[in-house]
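Okay, here's what each chain looks like letter by letter:
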Amino acid sequence: MCRNIKPLFNFDPPATDDEIRNAALQFVRKVSGFTRPSAKNEHAFEHAVEHIAAAARELLDSLETTSHPRNREEEAAKARARAAVRFA
């Protein structure tokens, strides 16, 4: 599951709230062991996702770098090329 969590820092355009929430969701799924929580655990699960997403947003907003922002399309093309070699 955690392979789906992608780096979100230093991209142009910056990471969206949806991307950050999806990464938080994957993290909570991995930590909890649930893909989908039971009705009893749903509130705790969603609460954790929201808190982790907020912490991730705060982190991304506070990080600084001197390197140029990466291009999303170029990074996606590199990932596809690596996958093609790996799964060929």
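Since this is a predicted model, take the numbers as computed values, not measurements.

**Let's talk about the overall build of the protein chain**
- In terms of helices and strands, the protein chain carries three helices and two strands.
- Listing each helix as α and each strand as β along the protein chain from the N terminus yields β-α-α-β-α.
- In terms of overall dimensions, the protein chain is more spread out than a globule: its C-alpha atoms have a radius of gyration of 15 Å, far above the 12 Å expected for 88 residues.
- With respect to the three principal axes, the spread of C-alpha positions in the protein chain is 45 × 40 × 15 Å.
- When the 88 residues of the protein chain are sorted by exposure, 17% land in the buried category.
- Sequence separation of at least 24 residues holds for 71% of the intrachain contacts in the protein chain that already meet a minimum separation of 6.
- A total accessible area of about 7,000 Å² is found for the protein chain, and carbon and sulfur atoms account for 56% of it.
- Distance between charge centres in the protein chain, computed from 14 positive and 13 negative side chains, equals 11 Å.

**Focus: the packing of helix α1 (residues 17-32) against helix α2 (residues 42-62)**
- Running from amino to carboxyl end, α1 crosses α2 at an angle of 130 degrees, the nearest separation of the two axes being 8 Å. One element, α1, and the other, α2, form an angle in the oblique class. Two packed elements cross with a definite hand, and for α1 against α2 that hand is right-handed. From α1, D17, I20, R21, A24, L25, F27, V28, R29 and S32 reach across to α2, where they touch F45, E46, A48, V49, E50, I52, A53, A56, R57 and L60.

**Some points on the packing of aromatic side chains**
- According to the stated counting rule, one finds zero aromatic pairs in the structure shown.
- When the ring centre of F11 is taken as origin, the NZ or CZ atom of R70, which lies over that ring, is 4.3 Å away.

**Observations regarding the environment of I52**
- Looking at where I52 falls in the secondary structure, it is placed in helix α2.
- Judged by relative accessible area, I52 falls into the partly exposed class, the value being 27%.
- With 31 residues separating them along the chain, I52 and R21 place their C-alpha atoms 8.1 Å apart.
- Sequence-distant contacts of I52, defined by excluding residues within four places in its chain, comprise A24, F27 and V28.

**Considerations on the nonpolar core**
- In this structure, L8, A15, I20, A23, A24, L25, V28, F45, V49, A53 and L60 together form the largest nonpolar core, which totals 11 residues.
- Going through the elements one at a time, α1 and α2 are the ones with two or more residues in this core.
- Sort the elements by how many residues they give to this core and α1 lands first, with five residues.

About the criteria used
Residues numbered from 1 in each chain as written. Predicted model: local features only at pLDDT ≥ 70, side-chain atom pairs only at ≥ 80, totals over all residues. Heavy atoms only, no water. Helix = DSSP H or I, 4+ residues; strand = E, 2+ residues; numbered from the N terminus. Rg over C-alpha atoms; globule rule 2.2 N^0.38 Å. Buried < 20%, exposed > 50% of the residue type's maximum accessible area, 1.4 Å probe, protein only. Contact = heavy atoms within 4.5 Å. Areas by Shrake-Rupley, 256 points an atom, 1.4 Å probe, with all protein chains shown as cover. Lys, Arg positive; Asp, Glu negative; His and termini not counted. Charge placed at Lys NZ, Arg CZ, Asp CG, Glu CD. Axes fitted to C-alpha atoms, helices over the stretch in contact; angles between N-to-C directions. Parallel < 35°, antiparallel > 145°, perpendicular 65-115°, else oblique. Left-handed = near helix turned anticlockwise from the far one by under 90°. Phe/Tyr/Trp six-rings, centres within 6.5 Å; stacked < 30°, edge-to-face > 60°. Lys NZ or Arg CZ within 6 Å of the ring centre and 35° of its normal. Core = buried A, V, L, I, M, F, W, Y, C linked by side-chain atoms within 4.5 Å.

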